[in-house]
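Below are the chains, spelled out letter by letter.
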2 protein chains.
Amino acid sequence: MENGAENVRSQMRKGVLEYCILSILDKKEAYASAILEELKAANMIVVEGTVYPLLIRQKNQGLLSYRWEESTQGPPRKYYCITEKGRQQLGEMDLAWQEIVDTIRTIKEK
Amino acid sequence: MENGAENVRSQMRKGVLEYCILSILDKKEAYASAILEELKAANMIVVEGTVYPLLIRQKNQGLLSYRWEESTQGPPRKYYCITEKGRQQLGEMDLAWQEIVDTIRTIKEK
DNA sequence: TTTTAGTACTATGTGTTGCAAGGTATTAAA
DNA sequence: TTTAATACCTTGCAACACATAGTACTAAAA
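Given the structure is predicted, the values throughout are model-derived calculations rather than measurements.

## What to know about the relation of the copies chain A and chain B
- Turning chain A through 180 degrees and shifting it by 0.0 Å along the axis lays it on chain B, with an RMSD of 0.1 Å. The superposition of one copy onto the other is thereby described by a two-fold rotation axis. Scanning chain A for the C-alpha nearest the rotation axis identifies A:Lys14, at a separation of 3.1 Å.
- By residue overlap, the copies meet face to face through one surface: 100% of the interface positions of chain A are interface positions in chain B.

## Structural notes on the confidence of the model for chain A
- For chain A, the average pLDDT comes to 91, and 95% of its residues sit at 70 or higher.
- The least confident element of chain A, judged by mean pLDDT, is helix 1 (residues 4-13) of chain A at 86; the most confident is helix 2 (residues 16-27) of chain A at 95.

## Some remarks on the nonpolar core
- Counting 66 residues, the largest nonpolar core has A:Leu39, A:Trp97, B:Leu39 and B:Trp97 as the members making the most contacts within it.
- The contact partners of A:Leu39, leaving out residues within four places of it in the chain, are A:Leu17, A:Cys20, A:Ile21, A:Ile24, A:Met44, A:Val46, A:Val51 and B:Ile107.

## Notes on the sheet that holds strand 2 (residues 64-69) of chain A
Residue and element names in this part refer to chain A.
- The strand order across the open sheet built from 3 strands is 1-3-2, with neighbouring strands paired in antiparallel fashion. Of all the strands in the sheet, just strand 1 (30-31) and strand 2 have a single pairing partner and so form its edges.
- Bridge count for strand 1 against strand 3 (residues 77-82) is 2 bridges, and the pairing is antiparallel. When the bridges of strand 3 are listed, Ala30 appears paired with Tyr80.
- Across the sheet, helix 2 lies against strand 1, strand 2 and strand 3, angled at about 90 degrees from strand 3, the strand it touches most.

## Quick notes on the pattern of salt bridges
- By the definition in use, this model includes 18 salt bridges over all chains.
- A salt bridge links A:Arg13 to A:Glu6; the nearest nitrogen and oxygen atoms lie 2.9 Å apart.
- Overall, the relative accessible area of 47% leaves A:Glu6 in the partly exposed class.
- In this structure, the salt-bridge partner of B:Arg67 is B:Glu69, at a minimum N-O distance of 2.5 Å.
- Three or more residues joined by partner-sharing salt bridges are found here, namely A:Lys27, A:Lys28 and A:Glu38.

## Looking at the layout of surface pockets
- Here the largest pocket defines a volume of roughly 500 Å³.
- Lining the largest pocket are 23 residues, with A:Lys14, A:Gly15, A:Glu18, A:Leu54 and A:Arg57 sitting closest to its centre.
- Mapped by element, the contributors of at least two residues to the lining of the largest pocket are helix 1, helix 2, helix 4 (48-60) and helix 5 (84-109) of chain A together with helix 1 (4-13) of chain B.
- Here the lining of the largest pocket gets 5 residues from one element, more than from any other, and that element is helix 4 of chain A.
- Looking at the lining of the largest pocket residue by residue, the class counts come to 8 nonpolar, 10 polar and 5 charged.
- Put simply, the second largest pocket is a space of about 390 Å³.
- Along the wall of the second largest pocket there are 18 residues; nearest its centre are A:Gln11, B:Lys14, B:Gly15, B:Glu18 and B:Arg57.
- Elements represented by at least two residues in the lining of the second largest pocket include exactly helix 1 of chain A together with helix 1, helix 2 (16-27), helix 4 (48-60) and helix 5 (84-109) of chain B.
- For the lining of the second largest pocket, the leading source of residues is helix 1 of chain A, giving 4 residues.
- For the lining of the second largest pocket, the class distribution of residues is 6 nonpolar, 8 polar and 4 charged.

## Thoughts on the environment of B:Glu29
All names here are of chain B.
- Inspection of the secondary structure assignment puts Glu29 in the loop between helix 2 and strand 1 (30-31).
- The sequence separation of Glu29 and Gly49 amounts to 20 residues, and the corresponding C-alpha distance is 20 Å.
- Each residue touching Glu29, except ones within four places of it in the same chain, is listed here: Arg67, Tyr79, Tyr80 and Cys81.
- Polar side-chain contacts of Glu29 include one of 2.3 Å to the side chain of Arg67.

## Considering the sheet that holds strand 2 (residues 64-69) of chain B
All names here are of chain B.
- With antiparallel pairing, 3 strands are arranged side by side in an open sheet as 1-3-2. With partners counted over all chains shown, the strands left at the sheet margins are strand 1 and strand 2, one partner each.
- Along the sheet, helix 2 makes contact with strand 1, strand 2 and strand 3 (77-82), crossing strand 3 at roughly 90 degrees.
- In this fold helix 4 packs onto strand 2 and strand 3, with an angle of close to 120 degrees to the strand it touches most, strand 2.

Calculation rules
- Residues numbered from 1 in each chain as written.
- Chains lettered and ligands numbered in written order.
- Predicted model: local features only at pLDDT ≥ 70, side-chain atom pairs only at ≥ 80, totals over all residues.
- Heavy atoms only, no water.
- Least-squares fit on C-alpha atoms with pLDDT ≥ 70 in both.
- Contact = heavy atoms within 4.5 Å.
- pLDDT = per-residue confidence, 0-100.
- Helix = DSSP H or I, 4+ residues; strand = E, 2+ residues; numbered from the N terminus.
- Core = buried A, V, L, I, M, F, W, Y, C linked by side-chain atoms within 4.5 Å.
- Buried < 20%, exposed > 50% of the residue type's maximum accessible area, 1.4 Å probe, protein only.
- Pairing = 2+ DSSP bridges.
- Axes fitted to C-alpha atoms, helices over the stretch in contact; angles between N-to-C directions.
- Salt bridge = Lys/Arg side-chain N within 4 Å of Asp/Glu carboxyl O.
- 1 Å grid on protein atoms, 1.4 Å probe; cavity = no way out; pocket = protein on both sides within 12 Å on 5 of 7 lines; lining within 4 Å.
- Points joined across faces, edges and corners; volume = space filled by probe spheres on them.
- Nonpolar A, V, L, I, M, F, W, Y, C, P; charged D, E, K, R; others polar.
- Polar contact = N/O pair within 3.5 Å; in protein donor to acceptor, adjacent residues only side chain to side chain.

Given below as structure tokens:
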């Protein structure tokens, strides 16, 4: 049971993380560790235990597909790729995100 | 198990709603129904069953206080008011929100 | 060969949040 | 007395992020 600045961020991430991942995969296919890297580079701190289940969820919803690819170092990699359905979902998320940003601005500027 | 554009919005609201309410009460004290009205006016659709527990939670965390006030029409109203601790929390949320907005922009613009 | 380290993916249980649905209490008008 | 309007509250549920732990494959060191 506790707060702190980190919990605030954790709660705000909900729903947004899924949006981030679809956006990343909309640019190019990638495997989980690379996605994690890009999220960290963009200052969105998350951990493996969060990203992997999310990818599986999105794949089960038909938003993503994947293919295996051998790696010279370590086990094979699961390259994820956005589907047509995923692109539609991403379009809705773009709208929803813009709405929320506008909402906050409206409330703040009064 | 469900999708739809509304679910997308519902998920993105998580954590943000708390931020909205603190922001509203930072401007002036208000009772729950009035807060609901302002949220709807700002295009943030929520329902009573979401707002009331949230106000109680924030009050229990010491972010809000309240006082009762008689109404000429209908039952008495519970006017909520932000506390000093609530203002500190709001400050952290301002930062967290700005960070997330920047993160999305970073991912999107690449 | 066996062990160690590094990389990649998976599974389980917990706490927080938003929501649907329904309920209680007060006041004024029909 | 009944109805409608206003205001507040409760319960049970699903989705999400996270901590923690575990599996599997590869290559280099012992």
